[in-house]
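Residues per chain are reported as follows:
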Amino acid sequence: MSRPRVVIIGAGFAGYRCARTLARITRDRADITLLNPTDYFLYLPLLPQVAAGVLEARRVTVSLPDTLRGVRLVLGGADGVDLDGRTVHYSDPEGGAGSLGYDRLVLAVGSVNKLLPVPGVAEHAHGFRGLPEALYLRDHVTRQVELAAAEDDPGRSAARCTFVVVGAGYTGTEVAAQMQMLTDRLVRRHPLPGGVRPRWMLLDVAPRVLPELDERLSRTADRVLRARGVEVRTGTSVKEATRDGVLLTDGESVASRTLVWCVGVRPDPLVETVGQPLERGRLIVDPYLQLPGRTDVFACGDAAAVPDLERPGEFTPMTAQHAWRQGRVAGENVAGSLGLGRRRRPYRHRDLGFAVDLGGVRAAANPFGVPLSGPAAGAVTRGYHLAALPGNRVRVAADWLLDALLPRQGVQLGLVRAWSVPLDTASPELARVPDGSQPSAQAGDEP
Ligand SMILES: Cc1cc2nc3c(=O)[nH]c(=O)nc-3n(C[C@H](O)[C@H](O)[C@H](O)COP(=O)(O)OP(=O)(O)OC[C@H]3O[C@@H](n4cnc5c(N)ncnc54)[C@H](O)[C@@H]3O)c2cc1C
């Protein structure tokens, strides 16, 4: 008898764990294919440290071919799923097309930047969802400081060194915290005219930073950021963005060349095309992670609305912790549904707490509900990441040690240009370069 075919779309927290679990259980008795645009799993929570130059980019990647034995990697992005025909259609990174037939399908496509209809934002802001964005931001910020240092005009210099981050969830908060420390180091090497200091602003419409987390974490983060000079503006957002700055909702106009958009995420648009019931854009699944009425299709992670059995009536939040654990249950249940593993089980998980890295030795964390701040939280946060990383632990720890002992390298590599990291990551065609030619520079490109 031929081996059953399992296709997993997406190799993030949920898809990677699902593939790994399934391969371990089935031991070559199933044909497992993982469809993903990159050949690596990306550990997103450490991305702000890549932008700040604490970690080298490859440290937060884990090679799919090296770590997923018995799983076939297909490089590409799914364009559509034919549930009745049990086929996934995809495009490869060079514009070719293909299709994959399956007996079981796992949708684990994660989420993309959430766009809001604010004039100028799509053209002038940058998101923070992947390695290209992190590398672009590092170069861009370094360049602004270097150009500002050479400016004769203090006004232009101050504008270049004003950085606006919108969205004070964990992504925006960590980006502001890490990047503020980077610019502080950069200006020591490149003093700004007139003693100008880099200015970091962190905006959110919510009344506090980290609005979705425990209030005690918010208070710690707020205190640490303000002590470092970050302007935390709650109840405020951006009304309009231009090449030269932003207009805030409170009427203030801020001259700046940097707008980082961290207002949240929405499920990957592929899920809308599947034609199944959605809850706020996420695919509704049962506690076994199966689509209702479709015993051959599973979904997990940010893309799925999974009933939260610990909080009846609610769905699990979009976090790495849930995605990682759901991936395992999805793998077990797929194996079970093929008669290759144990009986299926429902997904149930209580949050173990959250850790927000605030740069240096500072963090805000509440492991098992115990609120921590300062170096204790910093140690717990780093320990948590080391334990959670599915690879590269020694390299990451070595980078942390080197960053503590040596001056950080502050050079631009210029590998990622503004046009190749559009805010609308849900439209990859925006970033595609036809025939090797470069798209015309957008207004957001640097001079
Ligand atoms: C900067 C940042 C920091 C974060 N920090 C934390 C944190 O500290 N703690 C926490 O709990 N959560 C954190 N999160 C959120 C967490 O990373 C997500 O909840 C988690 O990644 C969701 O996992 P996932 O597997 O559903 O999706 P993802 O990890 O996003 O993976 C989705 C995968 O699917 C691929 N994909 C997408 N579309 C297609 C397609 N059409 N075809 C094929 N493949 C596709 C993507 O390329 C990606 O590889 C952070 C997020 C960001 C951006």
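Refer to the preceding data block for the structure.
In this report, we go over the structure that sits alongside the text. All values derive from a computational prediction rather than experimental measurement. (Residues numbered from 1 in each chain as written. Predicted model: local features only at pLDDT ≥ 70, side-chain atom pairs only at ≥ 80, totals over all residues. Heavy atoms only, no water.)

1. Topic: the site of the ligand
- Around the ligand, a shell composed of 30 residues is seen, among which Ala 14, Asn 36, Ala 78, Asp 302 and Ala 320 lie nearest.
- A distance of 3.0 Å separates an oxygen atom of the ligand from a polar backbone atom of Phe 13.
- Contact distances for the ligand include 3.4 Å between an oxygen atom and a backbone N or O atom of Met 318.
- Relative to its free-state accessible area of 990 Å², the ligand is covered by the protein chains to the extent of 89%.
- Of all the elements in the fold, those that place two or more residues in the shell around the ligand are α1 (13–26), β2 (31–36), β6 (77–82), α7 (170–189) and α9 (320–337).
- Taken domain by domain, the shell around the ligand gets at least three of its residues from each of domain 1 (5–111 + 266–337) and domain 2 (121–263). (Near = heavy atom within 4 Å. Polar contact = N/O pair within 3.5 Å; in protein donor to acceptor, adjacent residues only side chain to side chain. Areas by Shrake-Rupley, 256 points an atom, 1.4 Å probe, with all protein chains shown as cover. Helix = DSSP H or I, 4+ residues; strand = E, 2+ residues; numbered from the N terminus. Domains from an automatic or database assignment.)

2. Focus on a nonpolar patch on the surface
- A grouping of Leu 401, Leu 402, Leu 405 and Leu 406 is seen on the molecular surface, where their side chains present a nonpolar patch of about 420 Å² in accessible area.
- With respect to the helices and strands, the residue Leu 401 is situated in helix α11 (residues 393–405). (Patch = residues over 30% accessible without salt bridge, like charges linked within 9 Å, V, L, I, M, F, W, Y side chains within 5 Å. Salt bridge = Lys/Arg side-chain N within 4 Å of Asp/Glu carboxyl O.)

3. Focus on the packing of α1 against α9
- Axis separation between α1 and α9 bottoms out at 7 Å; the angle between their running directions is 35 degrees. Considering the relative orientation of α1 and α9, their crossing is right-handed. Across the interface between the two elements, Phe 13, Ala 14, Tyr 16, Arg 17, Cys 18, Arg 20, Thr 21, Leu 22, Ile 25 and Thr 26 of α1 pack against Ala 320, Ala 323, Trp 324, Arg 325, Gly 327, Arg 328, Ala 330, Gly 331, Glu 332, Val 334 and Ala 335 of α9.
- Taken together, the residues of the contact of α1 with α9 break down into 12 nonpolar, 4 polar and 5 charged. (Axes fitted to C-alpha atoms, helices over the stretch in contact; angles between N-to-C directions. Left-handed = near helix turned anticlockwise from the far one by under 90°. Contact = heavy atoms within 4.5 Å. Nonpolar A, V, L, I, M, F, W, Y, C, P; charged D, E, K, R; others polar.)

4. Comments concerning the sheet that holds strand β23 (residues 304–305)
- The mixed open sheet is built from 3 strands, whose spatial order is β19-β20-β23. Where the open sheet ends on each side, the last strands, each with one partner, are β19 (278–279) and β23.
- Two elements, strand β20 (residues 282–284) and β23, share 2 bridges in a ladder whose sense is parallel. Residue pairing in the sheet places Leu 283 in a bridge with Ala 304 of β23. (Pairing = 2+ DSSP bridges.)

5. Thoughts on the pairing of strand β11 (residues 162–166)
- The buried fraction of β11 amounts to 5 of the 5 residues, a majority that puts the element mostly inside the structure.
- Every second residue of β11 is oriented toward a common face, with Thr 162, Val 164 and Val 166 on one face and Phe 163 and Val 165 on the other, all of them buried.
- Here 5 bridges tie β11 to strand β12 (residues 199–204), and the two strands are oriented parallel to one another. In the sheet register, Thr 162 faces β12, and the bridge partner there is Arg 199.
- Remark: the β11/α7/β12 crossover connection has right-handed handedness. (Buried < 20%, exposed > 50% of the residue type's maximum accessible area, 1.4 Å probe, protein only. Right-handed = clockwise from strand over helix to strand, strands pointing away.)

6. Some remarks on unusual backbone geometry
- Phi at Leu 289 takes a positive value of approximately 75 degrees, unusual for a residue other than glycine.
- In this structure, Leu 289 sits in the loop between β20 and β21 (290–291).
- Leu 289 gets classed as buried once you look at its relative accessible area, which sits at 0%.
- Positioned with a positive phi, Asn 392 is a non-glycine residue whose angle comes to about 65 degrees.

Keep in mind these numbers describe shape, not what the thing actually does.
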